[in-house]
Amino acid sequence: MFKFANPEYLYLLSVLVLMVALRIISNVRRKKRIEAYGDWKLLSGLMPDLSTWRNSLQFWLLFAAFGLGCIMLARPQFGSKQETVTRRGIETVIALDISNSMLADDVAPNRLEKSKRIVSNLVDRFKDDKIGLIVFAGDAFVQLPITSDFVSAKVFLNTISPELIARQGTDIKAALDLAQRSFTPNEGVGKAIIVITDGENHEGGAIEAAQEAAQKGFMVNVLGVGLPSGSPIPEGKNGQFRRDKEGNVVVTKLNESMCREIAAAGNGSYFYVDNSNAAEKALVEQLDKLAKADMETTVYTEYDEQFRILAWIVLVLVIVAAVITESRNPRLKGKNWLKQLVERKE
């Protein structure tokens, strides 16, 4: 497990951009000043001891030293010890619809992105709980096994898109069946399934799957995303919309009746998602009603500091940069370049 103890120092890395910009400006001005005296090729021949690459090497060494120094100040750490700890919370498996209809923008910025934001906010609220993530369209698969690693949950969440599943459709039953198999065998822990969808169930069997989940003690909540009046599905980046075989624009509508039936069958609640955070808040209140129980989880409890290695590298880079000179041969520094030119002609 890797982390930074003081990540705020990483903002100093933005100075590297300024260093490069100043370097470019300095080189341009320097070249203009030299060209004011004559042709650059001729003048470079009169200065045989000058090495331009050494100057560049010196800059990039200092550039690297500064960058590594910023990372060093942020105190990179690696987890060195795993420990099983007991936390009191609930287990939640989120089944997220990623079918093409979730790209409709009747909810800003679109149904899928709005759903991902809700999930992200839920992850931020979880502390001692466990969370799992399932994505589904025509098929369903586990995107993240149930865990208390909320950092990984957010990483996996950012990668979600309709391209993850080749078979399109909306198989809510498959998602519910998979969700039921995703919980731990811990008893006495409140367990909830959250289905986020537009309710266009094309495969059937969702009601029966929700009833089965309820019989096993899993509460099924459903978040309906979209407008009942419907919205076309964007296709590509040219403002075009998806069309059927007859050339008609496909309109996807939120099937609220289906969402309500699934939630009722699963002894849960239905929440309508609009452009506010009302559904999210109501869902959190619903989850708070679940019984919390002790759960064992593996965490990193000790971290080894890694800044010492970076400190040595920075020191070496600074020393090397300090001993580098612009002269190819320091012994030539004391000689007058005109005298050298005369000696060459003789």
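Refer to the structure presented above.
Since the structure is predicted, the reported quantities are computational estimates derived from the model, not experimental observations.

**A look at unusual backbone geometry**
1) Next: Between Ala108 and the following residue, Pro109, the backbone shows a cis peptide bond with an omega angle of -5 degrees.
2) Next: Looking at the element boundaries, Pro109 is found in the loop between strand S3 (91-97) and helix H4 (111-125).
3) Next: The phi angle at Arg75 is positive, at roughly 55 degrees, despite the residue not being glycine.
4) Next: As for its placement among the helices and strands, Arg75 is situated in the loop between helix H3 (52-73) and strand S2 (76-89).
5) Next: Even without glycine at this site, Asn267 takes up a positive phi of about 55 degrees.
6) Next: Among the structural elements, Asn267 can be located in the loop between helix H8 (256-265) and strand S12 (270-273).

**Here we look at the sheet that holds S3**
1) Next: In space, the 6 strands of this open sheet follow the order S5-S4-S3-S6-S7-S12, with mixed pairing throughout. Where the open sheet ends on each side, the last strands, each with one partner, are strand S5 (140-147) and S12. When strand polarity is set aside, the average angle formed by the axes of neighbouring strands in this sheet is 15 degrees.
2) Next: The pairing of strand S7 (residues 218-225) with S12 spans 4 bridges and is classified as parallel. The residue bridging Leu223 from the neighbouring strand is Phe271, located in S12.
3) Next: The strands that helix H9 (residues 278-287) touches are strand S6 (191-197), S7 and S12; relative to S12, the one it contacts most, it runs at about 160 degrees.

**What about the packing of aromatic side chains?**
What characterises a pair of aromatic rings is the spacing of the ring centres plus the angle enclosed by the ring planes.
1) Next: Throughout the structure, instances matching the rule amount to 5 aromatic pairs.
2) Next: Measuring from ring centre to ring centre gives 4.9 Å for Phe59 and Trp60, while their planes differ by 75 degrees; the resulting arrangement is edge-to-face.
3) Next: Seen from their ring centres, Phe59 and Phe63 are 6.1 Å apart, and the 35 degrees between their planes marks the pair as tilted. Note that Phe59 and Phe63 are positioned in helix H3 at a spacing of 4 residues, about one turn of the helix. Of the two residues, Phe59 and Phe63, neither departs from the other in class, the shared state being buried.

**Let's talk about the nonpolar core**
The nonpolar side chains of a soluble globular protein tend to be buried with one another.
1) Next: Counting 35 residues, the largest nonpolar core has Ile94, Leu122, Ile194, Ile196, Leu223 and Leu287 as its most contacted members.
2) Next: For this core, the elements supplying multiple residues, two or more each, are S3, H4, strand S4 (130-136), helix H5 (150-158), S6, S7, S12 and H9.
3) Next: The element that contributes the greatest number of residues to this core is H4, accounting for 5 residues.
4) Next: The residues touching Ile196, leaving out its near neighbours within four places in the chain, are Ile94, Ala95, Leu96, Asp97, Met102, Ser115, Val119, Phe136, Leu223 and Val225.
5) Next: Grouped together as the second largest cluster of nonpolar side chains are 28 residues, Phe136, Leu178, Val222 and Met258 included.

**A look at H8**
Helical periodicity: at 3.6 residues per turn, an α-helix aligns residues three or four positions apart in one direction.
1) Next: When H8 is considered as a whole, its buried residues turn out to be Met258, Cys259, Ile262, Ala263 and Ala265. Along the long axis of H8, the arc covered by the buried residues comes to 165 degrees, so they all point the same way.
2) Next: Those residues of H8 hidden inside the fold are in contact with helix H6 (172-180), S6, helix H7 (206-215), S7 and S12.
3) Next: Phi turns positive one or two residues past the end of H8, at Asn267, with a value near 55 degrees.

**Here we look at the packing of H7 against H8**
1) Next: Look at H7 against H8: their axes get within 7 Å of each other, and the N-to-C directions meet at 25 degrees. Compared by their axis directions, H7 and H8 come out roughly parallel. Crossing hand, H7 versus H8: right-handed. Mapping the contact onto sequence places Ala206, Ile207, Ala210, Gln211 and Ala214 in H7 and Met258, Glu261, Ile262 and Ala265 in H8.

**A few points about the packing of H6 against H7**
1) Next: At a minimum axis separation of 8 Å, H6 and H7 run at an interaxial angle of 15 degrees. Accordingly, the angle class assigned to the pair H6 and H7 is roughly parallel. Judged by the twist between their axes, the crossing of H6 over H7 is left-handed. Contacts between H6 and H7 involve Ile172, Lys173, Leu176, Asp177 and Gln180 from the first element and Ala206, Ala209, Ala210, Glu212 and Ala213 from the second.
2) Next: Residues of the contact of H6 with H7, tallied by class, amount to 6 nonpolar, 1 polar and 3 charged.

Procedures and definitions
- Residues numbered from 1 in each chain as written.
- Predicted model: local features only at pLDDT ≥ 70, side-chain atom pairs only at ≥ 80, totals over all residues.
- Heavy atoms only, no water.
- Helix = DSSP H or I, 4+ residues; strand = E, 2+ residues; numbered from the N terminus.
- Pairing = 2+ DSSP bridges.
- Axes fitted to C-alpha atoms, helices over the stretch in contact; angles between N-to-C directions.
- Contact = heavy atoms within 4.5 Å.
- Phe/Tyr/Trp six-rings, centres within 6.5 Å; stacked < 30°, edge-to-face > 60°.
- Buried < 20%, exposed > 50% of the residue type's maximum accessible area, 1.4 Å probe, protein only.
- Core = buried A, V, L, I, M, F, W, Y, C linked by side-chain atoms within 4.5 Å.
- Arc of directions from axis to C-beta.
- Parallel < 35°, antiparallel > 145°, perpendicular 65-115°, else oblique.
- Left-handed = near helix turned anticlockwise from the far one by under 90°.
- Nonpolar A, V, L, I, M, F, W, Y, C, P; charged D, E, K, R; others polar.

These figures come from the coordinates and say nothing about function on their own.
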